[in-house]
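Structural overview
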Amino acid sequence: MLTLSKVFGEQNELVPFISSYQNELETVKVLHTLPAAKQQRFNELTHELLDSLDDVHDLKACAECSRSSREHGNAVYTKRSKTNESDRRESLLLACRFYTHAILQAENVHEELCLGYANRGMALQDFGLYKEAYDDCECALEYGYPQKLQHKLIMRQAHCAWQLGDVRKLREHLSWLEQQQLNAGYVNQLEQLQEQLTKLQEQQVSEPKEELTSEQAPSLQILARNHKISNSPGEKGRHMVATQSIQPGDIIFKEQTACFVPLEPGLICQQCAASVLYAPIPCTQCHQRVVYCSRHCRQLNEQIHSYECAGYRKNLFTMLGVSHLALRMVLCYMQEWLTELGKGSNVQEAWKLLMAKASKTYDWPSASQGLLSLCMMSHLDKAAAEELIYYALCANLLQVYLHRCTNFYEQLEVKTREDWHLLIAALILRCAGQLLCNGHVGDTIVLRSQCHTMESKLWRAPFHLSLGQMHKFDSVALTTALNLPYLALCNHACAPSIRLHCDGRAVSCLAAQQIEADEEIFNCYTLDYRNSSCAMRQAQLQQTFKFRCKCIKCASNKPDEIFLSFNRYRCEFCAHIYVPSQREEFKWWESESNSAINCSKCQATQLFNWFGILRRTLEFCSEQQQRRKAYKAFKELDTWLLDYHSLKLHLAQQLIAACLTAKADGATFDDSDYKQLSRILDYLLAGVAAQHGADSMTYISHLTYLMDLTAFGKYKCSSEQLKAVRTAINYLPTDTKRIFVNYYNDFIEQRIAANGNANANANA
Ligand SMILES: C[S@@+](CC[C@H](N)C(=O)[O-])C[C@H]1O[C@@H](n2cnc3c(N)ncnc32)[C@H](O)[C@@H]1O
């Protein structure tokens, strides 16, 4: 297989040096107007690269693997207990895991796919995941489930429809079943479901209201006119300004993008960006790299995916980073941009017309997302020549990919092919340039990497965790790269005045502090002033965003005071208080390299034996004696690590997580364990609030420890903390929120009620 760097290296040598930048169209023209021999070699290289990425799987082997996984699933499912609820659940979830493997491994082998789906549907239905089970039956039918057995699946779908209260579907399936020759057992089931249908019809005098689905929701919601976009010319460009006093926590706007790519394609739904928890539905063509949370999502993404499927199959996009999102932008907004492009009689004119539209000023809140995106700024004109050529080569590669591997160009009939190739490459290049300084990354709370969603110990019922399992949702992951052109109108400050909460493709922008009328509203493009030094931020802002930050934090005479306060050590030899001299040394425990840290006064290299001692005990937290050692070692950190030291917070988190994991695995804890853990947790939460803010995703992820300890009845939770938990839950994305709300209601509410604090419900 050819590598991107090798091909780009060779192509680079064929292309003349671009000494002065004009625009994206002129840049890609350079790649299309080489002397004949060079042009031929250049094009050959692109084609060879695309060909070399073809990864054809042996379908016979896929079918065998899939069958074997399904048979394992069947063996577990058949042996499920009829009496012991927890054993039964364990078998069902394990069977589901095997069936999911079977579905993923089957690739495009329909005979295996339909059986995998049919069997997973059966296990999911038994577990109570009716929506997912219903979809699996539908998939099994789609992939050719044997006709003579189809009544089994339809009966299952009817059962799920009944459980979901879906009268229309239940009626539809029952009327199909009534036409069939069924044996006595099925006739009995049919009669029971007919009774349920009558009951449901009586209950539902009116049809249930359709929920506002993502595709109907407006892309931008300005919930209160508390801000405006200022177009004033000048160094800062457009920016967001408050038009009235905004209180902390007030919502400023909600933006939902049509354009994002999952950073973990196999775990995040390609359509709605939700975490796919239980039952992924993969595209069967692109080696499991694309999954959906439902058939509905798969259907909504069909058009876009038809242009990307081959690219995923070739694993092309992971190599291209931001250029993949740039391609998505072109795919998502092309229809809108075509109106303008189509008016030009040649490529030059078409480009000019579109760029004229891009340089105008609009009423930004009411502009469409395609128009807002078109108008986003770019700094490609300031990029170094190598950077510019790299993005141009990516754009060219994607343009050739669209032409060779998809039918994308069929919608563009208006001009000659060559024109369109130039235009599309120029548009991809332009979008990449815009995304470099306007793109966003979405984060969410996820299950720890070593845990599996279908782990039986985790769940007592669908979306209901078992007691003591909440802490497994203690990880924050960057899951999506999103284009949010309205949010992108916000300028940067190192102490932002907003905070963002992601929910799939949507982001809510809330005031992080009081913002007065006429004050500018700031986002933060880098780590904030508490988590990075001024020099680190200035370098990044200059490099990527091409400006020098003059915000209050950068302009203050001690810009790094707070950041350094999280990194103060006491010297093991002379007791002097110091911070490491090199910024790479600040988080040395996260890096592989073993660079020495020296005291700034006596220059002695620090031994950090205390670190090794604590780290070793963490591995044996199931043993009480080791835990005692760990608590003691943690206490002794006070000597060496000052205040809310980043390392001490890290170790506090590791210690609590290790202990709660040991407890979940059956270790016995006594009151002194809980006392110690509560003390460490108080320190951790206060430190994380100081470093990241009590509304940050990191803080929310640490509240999972508090939730477990409170659920055990072993943590004295203050009413402020409970309020913080309930508020935090409301900021979570819909898919995770459901799990947190259930845990709160299942375990914590009872505890509060027992302590006479009964009226707190997480669904506030
Ligand atoms: C996401 S855009 C923000 C909106 C932008 N001002 C516009 O007119 O589209 C980021 C770019 O805005 C400019 N910018 C953002 N914050 C700035 C600041 N604090 N000072 C100067 N320029 C800033 C930089 O050019 C940066 O690359």
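Residues numbered from 1 in each chain as written. Predicted model: local features only at pLDDT ≥ 70, side-chain atom pairs only at ≥ 80, totals over all residues. Heavy atoms only, no water.

Examining the confidence of the model for the chain
Put simply, the rule reads: The predictor attaches a confidence to each residue, called pLDDT, with possible values from 0 through 100. In what follows, residue pairs with any heavy atoms lying within 4.5 Å of each other are defined as contacts.
Across the chain, the average pLDDT comes to 93, with 96% of residues at or above 70. Within the model, pLDDT remains below 50 along residues 757-764, and this stretch shows 22 contacts once partners closer than five positions in the same chain are excluded.

Comments concerning the side chain of S294
Rules: Here a strand is any run of E in DSSP of at least two residues, a helix any run of H or I of at least four, and the numbering for each starts at the N terminus.
Here S294 is to be found in the loop between β7 (291-292) and α11 (295-300). For S294, the residues in contact, after removing those within four places along its chain, are D135 and I281.

Remarks on helix α23 (residues 646-664)
Test applied: To estimate the expected span of a helix, count its residues, drop one, and scale the result by 1.5 Å.
Given a rise of 1.5 Å per residue, 19 residues ought to cover 27 Å, and the 27 Å separating the end C-alpha atoms of α23 matches this to within 8%. Where α23 terminates, the next one or two residues include G666, which has phi positive at roughly 110°.

Section: the domain arrangement of the chain
Keep this limit in mind: Boundaries between domains were set according to an automatic or database domain assignment.
On domain assignment, one finds that the chain holds domain 1 (1-43 + 334-439), domain 2 (59-203) and domain 3 (561-754). For domain 1 versus domain 2, the distance between C-alpha centres works out to 48 Å.

Digging into the packing of helix α25 (residues 697-711) against helix α27 (residues 734-754)
Which entries qualify depends on this criterion: Between N-to-C directions, angles span 0 to 180 degrees; the directions come from axes that are lines fitted to C-alpha atoms, helices contributing only their stretch in contact. Any angle that is under 35 degrees is reported as roughly parallel, and any over 145 degrees as roughly antiparallel; angles of 65 to 115 degrees are reported as roughly perpendicular and all others as oblique. A clockwise turn of the near helix away from the far one marks a right-handed crossing, whereas an anticlockwise turn of less than a right angle marks a left-handed crossing. Residues are grouped as follows: Ala, Val, Leu, Ile, Met, Phe, Trp, Tyr, Cys and Pro are nonpolar; Asp, Glu, Lys and Arg are charged; every other residue, Gly included, is polar.
Running from N to C, α25 and α27 point in directions that differ by 40°, and their axes come no closer than 9 Å. Taken together, the axes of α25 and α27 are oblique relative to one another. As for the relative orientation of α25 and α27, their crossing is left-handed in sense. Across the interface between the two elements, T704, M707, D708, T710 and A711 of α25 pack against F740, Y743, Y744, F747, I748 and R751 of α27. Across the contact of α25 with α27, the residue classes break down as seven nonpolar, two polar and two charged.

Re unusual backbone geometry
Phi at Q288 takes a positive value of approximately 60°, unusual for a residue other than glycine. By the element assignment, Q288 lies in the loop between β6 (281-282) and β7. In this structure, F463 takes a positive phi of about 65° despite not being glycine.

Topic: the packing of α23 against helix α24 (residues 671-692)
Running from N to C, α23 and α24 cross one another at 140°; their axes reach a closest spacing of 9 Å. Taken together, the axes of α23 and α24 lie oblique to each other. In the crossing of α23 with α24, the sense of the turn from one axis to the other is left-handed. On the side of α23, the interface is formed by S646, K648, L649, A652, Q653, L655, I656, C659 and K663, while α24 contributes Y674, L677, I680, L681, Y683, L684, G687, V688 and Q691.

Some details on the site of the ligand
So the rule is basically this: We define proximity as follows: a residue is near a molecule or strand when any one of its heavy atoms falls within 4 Å of that partner. Under the rule applied, a polar contact is a pair of N or O atoms within 3.5 Å (in protein, one hydrogen donor and one hydrogen acceptor; residues adjacent in sequence only if both atoms are side-chain atoms). What sets the accessible areas is the Shrake-Rupley method with a 1.4 Å probe; for residues, cover comes only from the shown protein chains.
Around the ligand sit 15 residues in total, of which K236, R238, H379, N491 and F545 are the nearest. With respect to the ligand, the backbone of K236 contributes an N or O atom lying 2.6 Å from a nitrogen atom. Interatomic distance of 2.9 Å between a backbone N/O atom of H492 and a nitrogen atom of the ligand. In isolation the ligand has 560 Å² of accessible area, and contact with the protein removes 94% of it.

What to know about α24
Operational definition: When accessible area is computed with a 1.4 Å probe and restricted to protein chains, residues below 20% of their type maximum are described as buried, those above 50% as exposed, and intermediate ones as partly exposed.
Taking 1.5 Å of rise per residue, 22 residues should cover 32 Å, and α24 covers 31 Å from first to last C-alpha, within 8% of that figure. Taken together, the buried positions of α24 are occupied by D673, Y674, L677, S678, I680, L681, Y683, L684, L685, G687, V688 and Q691. Close packing links the buried residues of α24 with α22 (624-640), α23, α25 and α26 (719-731). The distance from a side-chain oxygen at the start of α24 to the backbone nitrogen of S672 is 3.1 Å, and the residue carrying that oxygen is D670. Immediately downstream of α24, the backbone of G693 shows phi near 100°, a positive value.

Some points on the nonpolar core
Our working definition: Buried residues of nine kinds, namely Ala, Val, Leu, Ile, Met, Phe, Trp, Tyr and Cys, make up a nonpolar core once their side-chain atoms join them within 4.5 Å.
Of all hydrophobic cores here, the largest spans 111 residues; its most connected members are M334 and F408. Residues in contact with M334, not counting those within four places in the same chain, are M329, L341, F408, L412, W420, I424 and L427. Of all hydrophobic cores here, the second largest spans 95 residues; its members include L655, L677, I729 and Y744.

What about the packing of aromatic side chains?
Spelled out, the test is: Centres within 6.5 Å make a pair out of two Phe, Tyr or Trp rings, where for Trp the six-membered ring is used; the pair is then stacked when the planes are under 30 degrees apart, edge-to-face when over 60, and tilted otherwise. The criterion for a charge sitting over a ring is simple: Lys NZ or Arg CZ within 6 Å of the ring centre, and within 35 degrees of the ring normal.
All chains considered together, the criterion is met by 27 aromatic pairs. Their ring planes at 70° and their centres at 5.9 Å tell us that F8 and Y390 sit as a pair that is edge-to-face. Here the residue F8 occupies a position in helix α1 (residues 4-14), and Y390 occupies one in helix α16 (residues 385-405), the gap between them amounting to 382 residues. We classify F8 as buried; its relative accessible area is 7%. Classification of Y390 as partly exposed rests on a relative accessible area of 29%. Their ring planes at 70° and their centres at 5.0 Å tell us that W588 and F611 sit as a pair that is edge-to-face. Pair noted here: W588 is in the loop between β17 (577-578) and α21 (609-618) and F611 is in helix α21, with a separation of 23 residues, a long-range link. Of the residues examined, W588 reaches a relative accessible area of 13% and is grouped as buried. Within the aromatic cluster, the residues linked to one another by ring pairs are Y569, Y578, W588, W589, F608, W610 and F611. A cation over an aromatic ring shows up here: R627 above the ring of F669, its NZ or CZ 4.1 Å from the ring centre.

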